[in-house]
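One-letter residues, chain by chain:
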Amino acid sequence: MAWRCSGTSNSELIEKMWHNGLITDPRVKQAFLKVDRANYAPAMPYEDSPQAIGHAATISAPHMHASAVEHVLPYLIPSEENPAPRVLDVGSGSGYLTHVMAELAGPRGLVVGLEHIQELRDLGEANMRKSSEGRDLLDSGRVKFLLGDGRLGLEEPPREGEEQGGTGWHVIHVGASAKEVHQQLLDQLRAPGCIFIPVDDDSAGFAQTVWRITKDEAGEVTRKRLFGVRYVPLTDAPKRP
């Protein structure tokens, strides 16, 4: 994706992505407008480019975050059938996309950012606390940042009122390139549900390919190759000295 929609403010960045068709749904546009990228990017926050955030991790370019949200949107927003979406953000990094998805998941939704490096887990939460909206999401329990191996997914117990639905996730977003689509993630995907995941894949001529994987009400899984990308790898946490 070669679009570049850099701006001098958060609103200009989002308006350019909207004008160029990188954001197409008004609900997605409003969610991105609510979350100031300056709270999450270490420098040049309104540049449409990835940035290093330390520990060999990056915050993706804004247009990549927009693409991820639009591809999982039907499973992310509340509906009569699913008033409380559960979302797992593997490799949450800066916490930016975690926050955007929480704005869309609604007042009963749950979004969990999962990191395998303690400092990045702490970074995502600290960044969210820079805004009153982020603090409200954290303090209400609608957003959590946890430490764990994202390749294994996460068994997060149901909250009060969710007992009938059990555990599992309506949306799983993976923000790093996996060597494969891990079975644990597929097993934890609800029916219906959706995974957005970059996977190491040379078969299409790219180093990595983003896949959109859906599970319907009957549990049938469908995989669709979207586009080539370059993400940092989904790996073991580095060993400490």
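As recorded by an unreviewed UniProt entry, the protein carries the name protein-L-isoaspartate(D-aspartate) O-methyltransferase and is attributed to Stachybotrys elegans. Annotation of the protein in UniProt includes, under Subcellular location (unreviewed entry), the sentence "Cytoplasm". Recorded in UniProt under Sequence similarities (unreviewed entry), the annotation for the protein is "Belongs to the methyltransferase superfamily. L-isoaspartyl/D-aspartyl protein methyltransferase family."

Moving on, we get to helix 4 (residues 96-105). Within helix 4, ten of the ten residues are buried, which leaves it mostly tucked inside the rest of the structure. Burial in helix 4 covers these residues: Tyr96, Leu97, Thr98, His99, Val100, Met101, Ala102, Glu103, Leu104 and Ala105. Looking one or two places after helix 4, you find glycine 106, whose phi comes out positive at around 85°.

Moving on, we come to the pattern of salt bridges. Scanning all chains against the criterion turns up ten salt bridges. For arginine 121, the salt bridge identified is with glutamate 125, shortest N-O distance 2.9 Å. Placement of both arginine 121 and glutamate 125 in helix 5 (residues 118-128) is noted, with a separation of four residues, approximately one turn of the helix. A residue is classified by how much of its surface remains accessible, and arginine 121, at 15% relative accessible area, is buried. Measuring nitrogen to oxygen at the nearest pair gives 2.6 Å for the salt bridge that ties glutamate 156 to lysine 144. In this pair, glutamate 156 sits in the loop between strand 5 (143-147) and strand 6 (169-174) while lysine 144 sits in strand 5, placing the two residues twelve residues apart along the sequence. Taken together, the shared-partner salt bridges in this structure form one network comprising Arg121, Asp122, Glu125, Arg129 and Asp139.

Judged by nonpolar contacts, the single largest core of 47 residues is most densely connected at Met17, Phe32, Val69, Leu76, Val100 and Val143. Ranked by the residues each element gives to this core, the list is headed by helix 3 (residues 62-76), at eight residues. Discounting residues that sit within four places of it in the chain, valine 143 has contacts with Thr98, Ala102, Val111, Met128, Leu137 and Leu138. Core analysis: the second largest hydrophobic core is formed by 19 residues, Val90, Val112, Leu189 and Ile213 among them.

With respect to the element layout, aspartate 48 can be found in the loop between helix 2 (26-34) and strand 1 (51-54). Overall, the relative accessible area of 0% leaves aspartate 48 in the buried class. Polar contacts involving the side chain of aspartate 48 include one to the main-chain amide nitrogen of cysteine 5, which spans 3.2 Å.

What follows covers the packing of aromatic side chains. Enumeration according to the criterion identifies two aromatic pairs in this entry. Feature note: the residues Phe32, Tyr40 and Tyr96 constitute an aromatic cluster, connected by ring pairs. Positioned over the ring face of tyrosine 96 is arginine 37, at 5.8 Å from the centre of the ring. When the ring centre of tryptophan 169 is taken as reference, the NZ or CZ atom of arginine 86 above it lies at 4.9 Å.

So, how was this worked out
- Each chain has its residues counted from 1, following the order in which its sequence is written.
- The model is predicted, so local features are restricted to residues of pLDDT at least 70 and side-chain atom pairs to those at 80 or more, both for listing and for counting; the totals for chains, interfaces and linings are taken over all residues.
- With hydrogens and water set aside, each side-chain value is computed from the structure's full complement of heavy atoms.
- UniProt positions are given in the numbering used here, feature names are shortened, and annotations may be inferred rather than shown by experiment.
- Think of it in three bands: with a 1.4 Å probe and only protein chains considered, a residue is buried below 20% of the maximum accessible area for its type, exposed above 50%, and partly exposed in between.
- Only DSSP runs of H or I covering at least 4 residues are called helices, and only runs of E covering at least 2 are called strands; the numbering of each starts at the N terminus.
- One side-chain nitrogen of Lys or Arg within 4 Å of one carboxyl oxygen of Asp or Glu is enough to make a salt bridge.
- Residues enter a nonpolar core if they are buried and are Ala, Val, Leu, Ile, Met, Phe, Trp, Tyr or Cys, with the set joined through side-chain atoms within 4.5 Å.
- Contact criterion: two residues are considered in contact whenever any of their non-hydrogen atoms come within 4.5 Å of each other.
- Any N or O atom pair separated by 3.5 Å or less is treated as a polar contact, with the protein-specific requirement of one donor-capable and one acceptor-capable atom, and with residues adjacent in sequence counted only for side-chain atom pairs.
- Here a Phe, Tyr or Trp ring, Trp counted by its six-membered ring, pairs with any other such ring whose centre lies within 6.5 Å, and the pair is stacked when the planes are under 30 degrees apart, edge-to-face when over 60, and tilted otherwise.
- Criterion for a charge above a ring: Lys NZ or Arg CZ within 6 Å of the ring centre, and within 35 degrees of the ring normal.

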